[in-house]
Amino acid sequence: MIAFTSKNHLLLWIILGFSLIIGTTAHAATGYQPGHTALEVWNAEGQANAPQWVQIWLMIMLASFALGLLFVWKRVEARWVVGGFITSILVSGFVIPAMGLVSLSGLIALMHLIFWSPGLYLLLKNRPFMKERSFYAVWSGLITAVILFSFIFDIRDAAIYLDHILGMGIFSA
């Protein structure tokens, strides 16, 4: 796991993440269908046509991240978790479309890995869910589980996306 020894290291991680996103999204937009798998366009139609369990999971994630707003003024982990969530939403909602790039589900997964990892790192390093008995401890345990569960799918989708965009052919049939 990456250890952020200073804010400069963390800033470097985020800059490298943005570079990776921008560098790999120059692929042509033709032939992609809306959907929730790695090589489908993640838009309103893709979300609406996703299986019901995916739609329910999206609501659980949204509620879990939104609860973090209760703690951002006093807890550093909450600031990084909520900040990573907001950054990924802003990049996917404004930056990528402004650049004329395609929001494939695998790209969204890659953004989750990049922007949510600092918050997850702090949650796992500091383990507030094991140190106290409070609503914050419950939330920190919940959001840690939510991010880890999401990463199960995000790692796979990001790898498929990168394989496709970079033309490596590792996951191709």
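This one's a predicted model, so the numbers in the text were calculated from it and none came from an experiment. (Residues numbered from 1 in each chain as written. Predicted model: local features only at pLDDT ≥ 70, side-chain atom pairs only at ≥ 80, totals over all residues. Heavy atoms only, no water.)

Enquirer: Describe the nonpolar core, listing the residues and the values that go with them.
Expert: Counting 40 residues, the largest nonpolar core has F65, W116, I143 and I147 as the members making the most contacts within it. If one sorts the elements of this core by residue count, helix α5 (residues 105–126) sits on top with eleven residues. Once residues within four sequence positions are removed from consideration, F65 is found in contact with V81, V82, F85, W116, I143, V146 and I147. (Core = buried A, V, L, I, M, F, W, Y, C linked by side-chain atoms within 4.5 Å. Buried < 20%, exposed > 50% of the residue type's maximum accessible area, 1.4 Å probe, protein only. Helix = DSSP H or I, 4+ residues; strand = E, 2+ residues; numbered from the N terminus. Contact = heavy atoms within 4.5 Å.)

Enquirer: Could you give me a rundown of the environment of Y136, with the residues and numbers involved?
Expert: Along the chain, Y136 falls in helix α7 (residues 135–166). According to the relative accessible area criterion, Y136 is buried, its value standing at 3%. Distance in space between the C-alpha atoms of Y136 and F71 is 7.2 Å, their sequence separation being 65 residues. In contact with Y136, other than residues within four places in its own chain, are F71, R75, E77, A78 and P128. Polar side-chain contacts of Y136 include one of 2.7 Å to the side chain of E77. (Polar contact = N/O pair within 3.5 Å; in protein donor to acceptor, adjacent residues only side chain to side chain.)

Enquirer: How would you sum up the packing of aromatic side chains? Please name residues and give values.
Expert: Scanning all chains against the criterion turns up eleven aromatic pairs. With a centroid separation of 5.0 Å and an interplanar angle of 70 degrees, the aromatic rings of F71 and Y136 are classed as edge-to-face. Taken together, the positions of F71 in the loop between α3 (52–67) and α4 (76–98) and Y136 in helix α7 put the pair 65 residues apart, joining distant regions of the chain. Both residues of the pair, F71 and Y136, count as buried. Considering the side-chain rings of F149 and F153, the 5.2 Å spacing of their centres and the 75 degrees angle between planes classify their relative orientation as edge-to-face. Linking F149 with F153, this pair stays in helix α7, spanning four residues, or about one helical turn. Owing to a relative accessible area of 25%, F153 belongs among the partly exposed residues under this scheme. Among the aromatic side chains, those forming a connected cluster through ring pairs are W53, W57, F149 and F153. (Phe/Tyr/Trp six-rings, centres within 6.5 Å; stacked < 30°, edge-to-face > 60°.)

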